[in-house]
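One-letter residues, chain by chain:
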Amino acid sequence: MDTIQELERVETLLKPYAGEMRRGEANRVDVPLEVGQLKAAVKALVDARWGYLGAIAGVDQPAPVEQGGPAANGHTEVIYIFFQGAAAAALRVLVPYEGGSVPTICDLIPSATLYERELIELFGVTVTDTPTTEKLVLPDDWPDGVYPLRKSFTGFDGQQV
Amino acid sequence: MDLEPNKKFVVPIGPQHPALKEPGHFEFAVDGEIVTGATVRLGFVHRGIEKSAESRTYVQNLYLMERVCGICSHVHGTAFTIGVEHLAGVTVPPRANAIRVLVAELERIHSHMLWLGVAAHEGGFDTLFMYSWRDREKVMDILEEISGNRVHYSANVIGGVKFDISEEQRGKILSSLDFLEERTRHYLKVVNEDETFLGRTVGVGIMTREQAESLGAVGPTARASGVERDIRVDAPYAGYEQFPVRMITDTRGDLHARFVVRIEELFEAYRVIREILDHMPEGELTARVPRRIPAGETISRVEAPRGELLYYIKSNGTDMPERVKVRTPSLCNWGSITSVAVGHKLADMPMLLVGIDPCFSCNDRTITIKSAGVDLGWTWEDLRQHGIEAYR
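The rules behind these values
Residues numbered from 1 in each chain as written. Chains lettered and ligands numbered in written order. Predicted model: local features only at pLDDT ≥ 70, side-chain atom pairs only at ≥ 80, totals over all residues. Heavy atoms only, no water. Salt bridge = Lys/Arg side-chain N within 4 Å of Asp/Glu carboxyl O. Helix = DSSP H or I, 4+ residues; strand = E, 2+ residues; numbered from the N terminus. Buried < 20%, exposed > 50% of the residue type's maximum accessible area, 1.4 Å probe, protein only. Phe/Tyr/Trp six-rings, centres within 6.5 Å; stacked < 30°, edge-to-face > 60°. Lys NZ or Arg CZ within 6 Å of the ring centre and 35° of its normal.

### What to know about the pattern of salt bridges
Tallied over the entire structure, the rule returns 42 salt bridges over all chains. Residue Lys325 of chain B is joined to Glu118 of chain A by a salt bridge in which the shortest nitrogen-to-oxygen separation is 2.6 Å. Of this pair, Lys325 of chain B sits in strand 8 (residues 321-327) while Glu118 of chain A sits in helix 3 (residues 113-123), placing the two residues on different chains. When sorted by exposure, Lys325 of chain B lands in the same class as Glu118 of chain A, which is buried. Two residues, Arg291 of chain B and Asp319 of chain B, come together in a salt bridge whose shortest N-O distance is 2.8 Å. With Arg291 of chain B in the loop between helix 11 (255-278) and strand 6 (296-304) and Asp319 of chain B in the loop between strand 7 (307-315) and strand 8, this pair connects stretches of sequence that are 28 residues apart. Assessed through its relative accessible area of 15%, Asp319 of chain B is described here as buried. Bridged by salt links that share partners, the residues Arg22, Glu25, Arg28, Asp30, Glu77 and Arg92 of chain A together with Glu297 of chain B form one connected network.

Laid out in structure tokens, this is it:
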């Protein structure tokens, strides 16, 4: 019961910024956003004290092979997951490999820094103005420009992943 | 040494066991004895589990996820299976749900007691450390009795659980709980009354509710600062709807509060386990689950001993997941350390670090070992063959 009300509340809060929202699960609303609207949407949630940031998940979406386009045409979907009780809101933006970026949300939610560092390190997403871009989990001698959670990464020198 | 007055003096701690025998690296900037800044570097035992998950079937992944953490293996398995079952549209039998909760609470007991020992040790109180670890053996014995294993009990299968609880096991669990409850009362007394212990915990490392919320703290660390958040209560999963737990909070936000909250949670765990053993639903242990999981996404959350554990699972309709994202509780709690440390004495750092009950396997998830050019890493096939040979 509460969950439904919370979902309706978050839908109202995010309506001005979002594309077509959809209930992905009984307790989750999926909110597609343009990158430019992300910050305003997150601010709306923070100001209204709707829930807390549970995680930021990256999902690699490489360019489909059959389209024959260059591999650089892939995207990373970045999902900002918020929870209020059992209700979840997933704010989703698509960031192209080339020239794409997301703004940091650390000024609104300081704890986002660890997730943003993960995104930068493991997916190669550019996060503008994020407070620290130092390596968090990969080794110091990890080569630049290799992003292990992209589907195109299948290990070094034929080692299996 | 640089003696310029305005330069900071940085004390590196780690990566070899900064507070407990696991790797993490911290740099504390100090002014005399007082910490003025702190940074953290993780990843020393990063294993690339999320990547590995994408090339394994759901069943193989269950075993992989259980190995994210050796302390709370069951909650990882539970979070993963609940997510997969949800995607597959499978309803788990009530008896299986009850057993999942039973094992989860046994795991919480063993984890909290392990922590109590480590925390006491960091405080220089080795007697309490020895006692709590001795008593913890009781719960390890129960876990071994019901599952055959002390650590990776591997209770879950996708669609249910592997083992039942017999009448004889029920009796053993109940008598062990009586012993543990009495011992826990003793620990609570020690933690609340021992002068030296109070001196090291009361008023140390205070994190206000606002700080806890903005830093993203979770679990007992957050609840000790008055943040009312417990997935078992907020979004009950498995058998927690039928066997509800009471949320334990404390508003003081210091190290002492973190001790009290965890010890109080032990009593709550004993109560819930007795409740389950008295009202165990009858029925099957497993439901059938298709090998291929329909396309979709789900987020499943459980309350691990250290706090909220989150799995994001995306299925593409095959027998392997498209993406699995694991957000473990320790990751969230690190942020609280680097902020709360400021203004405290360097000597309080081990206690503060251990106060969040940090678990490194929690946040570091491939490691490849290379020695003089020889690759000591094993491929999946090597491991598979080894498994077949070893258990032939």
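### Some remarks on the packing of aromatic side chains
All told, the structure shown has 10 aromatic pairs over all chains when counted by the stated rule. Consider the rings of Trp142 of chain A and Phe153 of chain A, whose centres lie 5.9 Å apart with planes at 50 degrees: the pair is tilted. Here Phe153 of chain A lies in the segment after strand 7 (126-128) and Trp142 of chain A lies in the segment after strand 7, a separation of 11 residues in the sequence. The burial state of Trp142 of chain A is the same as that of Phe153 of chain A; both residues are buried. Considering the side-chain rings of Trp115 of chain B and Phe259 of chain B, the 4.7 Å spacing of their centres and the 50 degrees angle between planes classify their relative orientation as tilted. Of this pair, Trp115 of chain B sits in helix 4 (residues 94-122) while Phe259 of chain B is found in helix 11, placing the two residues 144 residues apart along the sequence. Pairwise contacts between aromatic rings join Trp115, Phe125, Phe197 and Phe259 of chain B into one cluster. When the ring centre of Phe179 of chain B is taken as reference, the NZ or CZ atom of Lys138 of chain B above it lies at 5.2 Å.

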